[in-house]
Amino acid sequence: MGSLAEPVMEENYSKPPGIRFMERAKKSSLSFKTYQAIVLIVTFLAYASYHATRKTTSIVKSALDPQSPEVDSLKLPWQRHTTQESSRLSWMLKDGWLPFNGPDGTAMLGQLDVSFLFVYAMGMYFSGHVGDRMDLRIFLTIGMVGTGLFTALFGVGYWANVHIFYYYLIVQMMAGLFQSTGWPSVVAVVGNWFGKKKRGLIMGIWNAHTSMGNITGSLVASIFLKYGWGWSMVVPGSIIAIIGVLVFLFLPVHPESVGASNDEDEVFSPRKEGEEVTEPLLRSDREEESAVGFIEAWKIPGVAPFALCLFFAKLVAYTFLYWLPFYISHTAIDGKYLSNEEAGNLSTLFDVGGVVGGILAGYISDRLDARAITAASFMYCAIPVLYLYRSYGHVSMTINIILMLITGVFVNGPYALITTAVSADLGTHSSLKGNSRALATVTAIIDGTGSIGAAIGPLLTGYISATSWSAVFTMLMGAAFIAGLLLTRLVVAEVGAKIHQLGSQGSPRSRSPDLEV
């Protein structure tokens, strides 16, 4: 069977040029652990750059629409702006950019967000389908270069003096389409190289690329904002294109693409104890195994509940992603307003909390062997934290920082867990009976559904915030509550399994019960 599969492998998986060069220089093949390290580093950089370019629009918002109607609505009941204070605020926020600095500017920015995220969500389903059927290294490279191109074109509008709303709308939609290639691809590649042992912790640490990308995008965009908002888009766009070239040169998609093998690492689908492992997650032998269809992937136990949960979890997370710098710059903290650059830098602390939350959620879910309990608990904890941040974040900078960090932990923790370890678990579910060519498709379904929520949250915020930011936070708390409720059936199954396990004092289950329901 190996001899028959080998030619197919060569046809569908090619060894990256950079890997060939490294092996020639070393005059021997690289070790399996070295390949794993390369995969983690390259995919980390790849998706961090995706998020860096995604974050830039939230930073330039305050430059495009500085004098938003909600500036006055954010005053505390006992606060009144003096004429001098209002003049200082107007000078700090500057004049904006047509057409976003008009009375409908906030709504227009919300429309940019929803257009980007809607196309991103729809493209996600398509990308997952394609990703299970072609070389992911090529697919990722095209996606990253395309993302860089259209991110830069948004910034070109600054020098070209473009004031046509539909130019920015179309550019954002195209950027969203190319962005959709990222997540299904990187999760599938990592899933090819790493098995289920400690998957939650490993992917929790690896998933720090999301927050690190947000932090990097915020810092880069904030630094260049003073030179003109166009630079805040062009520089990150150039960075992701360069990293896309590195992906083409160095990313080994699959162990077979570089002739690697490791009998000790649980890289493959679950089998009976003692059974020989011979089939990778995304096997090339199409005569025996075909890619799982879209409807069939939806029917995998656990996919629908986690996908719907992620819908509301990403609604909360992406509202912060796109609107937090804007909210901070228009909110008086200890009676003072921050500049656009200061607000962008401060907002990165939310992502610092997100890194901790992703690692913590992965570690806890591994220790408990309970993905649903962990995700639901984090979502429920996010509710009081969101209330506290809205109610007391303005009191002082110290309180704002502490509450922002804690909010990042509980908002991004379940989001990171579901999009990584849970997606990888479901993509290799036992119901597939060894056919594991579903990893990118399942990942795309879960994250694509979540991305629809990610589109709706920022859109609603663009309209609701013009009236009241308190109403925005009420919406976010409600979404977090619903996200937790959607996992109730899986949580009950996990709790029941734990009780039964303790009662019988049997051996630990090899799989999380939430994925077997």
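Reading the values: the criteria
- Per-chain numbering applies: the sequence of each chain, read as written, is numbered from 1 onward.
- Selection of residues for local features in this predicted model requires a pLDDT of at least 70, selection of side-chain atom pairs for listing and counting requires 80 or more, and totals for whole chains, interfaces and linings are taken over all residues.
- Excluded from the side-chain calculation are hydrogens and water; included are all heavy atoms of the structure.
- Here a helix means four or more residues in a row that DSSP labels H or I, a strand means two or more in a row labelled E, and each is numbered from the N terminus.
- Exposure classes here rest on a 1.4 Å probe applied to the protein chains alone. A residue is buried below 20% of its type maximum, exposed above 50%, and partly exposed in between.
- Working rule for contacts: check all heavy atoms of both residues, and any pair within 4.5 Å makes them a contact.
- Each accessible area value is a Shrake-Rupley result obtained with a 1.4 Å probe; residue values ignore everything except the protein chains displayed when judging cover.
- Definition used in this section: a nonpolar core is a set of buried Ala, Val, Leu, Ile, Met, Phe, Trp, Tyr and Cys residues joined via side-chain atoms within 4.5 Å.
- What pLDDT reports is the predictor's confidence in each residue, on a scale of 0 through 100.
- Side-chain rings of Phe, Tyr and Trp, where Trp is taken by its six-membered ring, are said to pair if the distance between their centres is within 6.5 Å; with planes under 30 degrees apart they count as stacked, over 60 as edge-to-face, and otherwise as tilted.
- Geometrically, a lysine NZ or arginine CZ counts as sitting over a ring once it is within 6 Å of the ring centre and also within 35 degrees of the ring normal.

Q: I keep staring at the overall build of the protein and nothing clicks. Help me out?
A: Looking only at helices and strands, the protein features 20 helices and zero strands. A total of 517 residues make up the protein; the buried ones form 59% of that total. Look at the contacts in the protein between residues 6 or more apart in sequence, and 85% of them connect residues 24 or more apart. Here the protein displays about 20,400 Å² of accessible surface, and carbon together with sulfur accounts for 65% of that area.

Q: Is there a simple way to explain the nonpolar core in this structure?
A: The tendency in soluble globular proteins is for nonpolar side chains to be buried as a group. Formed by 86 residues in total, the largest nonpolar core has its most connected members in Phe100, Trp229 and Ile328. If one sorts the elements of this core by residue count, helix H14 (residues 303-329) sits on top with 18 residues. The residues touching tryptophan 229, leaving out its near neighbours within four places in the chain, are Val60, Ala63, Leu64, Trp97, Phe154, Gly155, Gly157, Tyr158 and Tyr168. Of all hydrophobic cores here, the second largest spans 36 residues; its members include Val42, Leu136, Val189 and Ala440.

Q: Explanation requested: the confidence of the model for the protein in the structure shown.
A: Detailed reading of the predicted model is not advised wherever pLDDT is low. Mean pLDDT over the protein works out to 80, with 79% of the residues at or above the 70 mark. Averaged over each element, pLDDT in the protein is lowest for helix H4 (residues 70-73) (36) and highest for helix H12 (residues 231-250) (96). Every residue in residues 1-12 is under pLDDT 50, and counting partners more than four places away or in other chains gives eleven contacts.

Q: I keep staring at the packing of aromatic side chains and nothing clicks. Help me out?
A: Think of a pair of aromatic rings as described by two things: how far the centres are apart, and how the planes are tilted against each other in angle. Overall, the coordinates contain 34 aromatic pairs when judged by the stated rule. Here tyrosine 327 and phenylalanine 473 contribute two aromatic rings whose centre-to-centre distance is 5.5 Å and whose plane-to-plane angle is 55°, an arrangement assigned as tilted. Of this pair, tyrosine 327 sits in helix H14 while phenylalanine 473 sits in helix H19 (residues 469-485), and the two are 146 residues apart along the sequence. Like phenylalanine 473, tyrosine 327 is buried. Joined through ring pairs, the aromatic side chains of Trp97, Phe100, Phe154, Tyr158, Trp159, Phe165, Tyr166, Tyr167, Tyr168, Trp229 and Trp231 make up one cluster. Above the ring of phenylalanine 248, the side-chain terminus of arginine 137 is found at 4.8 Å from the ring centroid.

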